[in-house]
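Examining the three-dimensional arrangement
Each chain, written out:
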There are 2 protein chains.
Amino acid sequence: MVNGKNKKIQKLVKIPSTTVARLPLYLRCLKNIQDEKTSLVSSFELARLSGHNAAQLRKDLSYLGEFGTRGVGYEVDELVRQISKWLGTASVRSVAVVGAGHLGQALCNYHAFINKGFKISALYDNDKDKVGKKVGEIDVKHISQLASGVLDGPIDIGVIAVPARAAQDVATQMVEAGVKSILNFAPAKIKVRKGICVRNLDFSTQLQIIGFHLASVEHGLTSECCD
Amino acid sequence: MVNGKNKKIQKLVKIPSTTVARLPLYLRCLKNIQDEKTSLVSSFELARLSGHNAAQLRKDLSYLGEFGTRGVGYEVDELVRQISKWLGTASVRSVAVVGAGHLGQALCNYHAFINKGFKISALYDNDKDKVGKKVGEIDVKHISQLASGVLDGPIDIGVIAVPARAAQDVATQMVEAGVKSILNFAPAKIKVRKGICVRNLDFSTQLQIIGFHLASVEHGLTSECCD
DNA sequence: TTTTGTGAAGCGATTCACAGCA
DNA sequence: TGCTGTGAATCGCTTCACAAAA
């Protein structure tokens, strides 16, 4: 409004974390659309498919740039390209999982990750009986090899799939080994140095949130639901 | 402020979903405190342990009631009781898992659920080879038995641990069988009738969010991190 | 004095409503 | 005309700052 530089400034503005969290969802819907042979999509249609409203979708996309054509809509392929770019899908991310229990095995056997740009490149455990065995295509190595495992190439994401009591210790070792970000499944708050991105994803917590909503409904306090 | 009914009114006010999401975390920290023999905790201490600020913690707790003593702090046991109550832990919640793959097995073998008030009471799959086998203590039943399985007692929470293409179908069957809420691990948007609480928890989405932050840092756009 | 509980201010996300453009 | 892109309004959560209470 003041001058022509506003668009540049806009691009440097922090993208709301809520928007970031929706991007993977939009991308998923767009890929479903690609499988059919539609090449154009309106904000209304994509909003409907992803379960949001059209204004929000347009605002979200506007943080990334101007990809649509007024009066027409968005080109599906272009939008897929752009969102993928922002999600950092240019390179395949290397993931190391620590904890070869059922959850660790579930992750290693989930082959859809590779389509989304993630490759599980190593699996570690401290159980001597598991070390040396294979889970899917992946050798189970001893946790002590985590540091040297990074020599095979940098690890972008470390996944903590161990019991809570071991979580902090594993996190510390991951950071020392050069892991840049952590997905933590253990029900424990882990502390790492600033600059390491940590996301927590504890199943119990999720069930407890649902439990709250069930209790609310039972007590007649609300009929509302989860996010 | 206007009259004495305000406290009652306060209790009827909707509790922010962000607050609800923090309650399980507070509870976890409090239980850790209980294991030591501290019986009192201040908002500052609990905030530090849970990684939030004291004002937010007090505001969160104030939605549930007035449990603290000014100048003193909160009694740990009392706070545990109150938060548990709001999370609906009065009764044990019955959980049915559909999908006996690695993830379904991981869930069934996670014995800590019972301490948090959740009991996995059934596991279903459509694979004839899996039906009849045991996962931990739990018999694998055929998905077609979901409806009649509810006769053994109501199912509070249905967990979807099947591939995306089957997710909507499973969700529909769950709702027909009387399941009241759903935790969905499949990367698919599922539609259910109003009043059924659905939470989505797709691993790929979580990795993609981390991917965004990694890309941001790599491009020097930010040094900020995830939630 | 210490720490809670809470109005009020601040801030960020959502939604509205329409100008801008094909 | 139809749909995007976006200021402005609104909504809701977080944080501040202090009165109330032990």
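Scroll up to find the structure.
One structure accompanies this document, and this report is about it. (Residues numbered from 1 in each chain as written. Chains lettered and ligands numbered in written order. Predicted model: local features only at pLDDT ≥ 70, side-chain atom pairs only at ≥ 80, totals over all residues. Heavy atoms only, no water.)

A few points about the sheet that holds strand β7 (residues 138–142) of chain B
Read across the open sheet, the seven strands follow the order β6-β7-β5-β4-β8-β9-β10 (chain B); overall the sheet is mixed. Both outer strands of the open sheet, β6 (134–135) and β10 (197–200) of chain B, are each paired with one neighbouring strand and no more. Here helix α9 (residues 203–218) of chain A sits on the sheet in contact with β4 (93–98), β5 (118–125), β8 (157–160), β9 (181–184) and β10 of chain B, set at roughly 165° to β9(B). Seen against the sheet, helix α8 (residues 164–176) of chain B touches β4, β8 and β9 of chain B and runs at an angle of roughly 165° to β8(B). (Pairing = 2+ DSSP bridges. Helix = DSSP H or I, 4+ residues; strand = E, 2+ residues; numbered from the N terminus. Contact = heavy atoms within 4.5 Å. Axes fitted to C-alpha atoms, helices over the stretch in contact; angles between N-to-C directions.)

Description of the environment of B:Asp227
When you line up the elements, B:Asp227 lands in the segment after α9 (203–218). Between the C-alpha atom of B:Asp227 and that of B:Ile114, which follows or precedes it by 113 residues, the distance is 28 Å.

Considerations on the pairing of strand β7 (residues 138–142) of chain A
All names here are of chain A. Of the two faces of β7, the one holding Ile 138, Val 140 and His 142 is buried and the one holding Asp 139 and Lys 141 is not buried anywhere. Sheet topology places strand β5 (residues 118–125) next to β7; three bridges connect them, and they run parallel. Note on β7: the bridge partner recorded for Leu 123 is Val 140. Taken together, the two bridges between strand β6 (residues 134–135) and β7 define a ladder with antiparallel strand orientation. Of the residues in β7, the one forming a bridge with Lys 134 is Asp 139. Two successive antiparallel strands, β6 and β7, enclose a turn made up of two residues, where Gly 136 displays a positive phi of approximately 60°. (Buried < 20%, exposed > 50% of the residue type's maximum accessible area, 1.4 Å probe, protein only.)

With respect to the sheet that holds strand β9 (residues 181–184) of chain A
In spatial order, the strands read β6-β7-β5-β4-β8-β9-β10 (chain A); together these seven strands make up an open sheet with mixed pairing. Where the open sheet ends on each side, the last strands, each with one partner, are β6 and β10 (197–200) of chain A.

Quick look at the interface of chain B and chain A
Counting from both sides, the interface comprises 62 residues of chain B and, opposite them, 62 residues of chain A. Our count for the contact surface shared by chain B and chain A stands at four salt bridges. Across the pair B:Arg28 and A:Asp202 runs a salt bridge whose closest N-O atoms are separated by 3.6 Å. Put simply, chain B and chain A have eight residue pairs in polar contact (both at pLDDT 80 or more) between them. (Salt bridge = Lys/Arg side-chain N within 4 Å of Asp/Glu carboxyl O. Polar contact = N/O pair within 3.5 Å; in protein donor to acceptor, adjacent residues only side chain to side chain.)

A few points about the protein's contact with DNA strand D
Lining the immediate surroundings of DNA strand D are 27 residues, of which A:Ser43, A:Arg58, A:Arg70, A:Tyr74 and B:Arg22 lie closest. A:Lys59 places a polar side-chain atom, nitrogen or oxygen, 3.4 Å from a base oxygen of DNA strand D. Within the backbone of A:Gly68, one N or O atom sits 2.9 Å away from a phosphate oxygen of DNA strand D. If you list the elements that add at least two residues to the surface near DNA strand D, you get α3 (43–50), α4 (54–64), β2 (68–69) and β3 (73–75) of chain A together with α2 (17–35) and α4 (54–64) of chain B. Looking at which element gives the most residues to the surface near DNA strand D, the answer is α4(B), with four residues. When grouped by side-chain class, the residues that make up the surface near DNA strand D number seven nonpolar, 11 polar and nine charged. (Near = heavy atom within 4 Å. Nonpolar A, V, L, I, M, F, W, Y, C, P; charged D, E, K, R; others polar.)

A few points about the pattern of salt bridges
Scanning the model with the defined rule gives 18 salt bridges over all chains in all. Across the pair B:Arg93 and A:Glu218 runs a salt bridge, and its minimum N-O distance is 2.7 Å. One end of the pair, B:Arg93, is in strand β4; the other, A:Glu218, is in helix α9, on a second chain. Residue classification places A:Glu218 among the partly exposed positions, given a relative accessible area of 46%. A salt bridge links B:Arg48 to B:Glu45; the shortest N-O distance between them is 3.0 Å. Linking B:Arg48 with B:Glu45, this pair stays in helix α3 (residues 43–50), spanning three residues, or about one helical turn. On the basis of relative accessible area, B:Glu45 is assigned to the partly exposed category, the value being 31%. Three or more residues joined by partner-sharing salt bridges are found here, namely A:Arg93, A:Asp156, A:Lys180 and B:Glu218.

The values are spatial; any link to function lies outside them.
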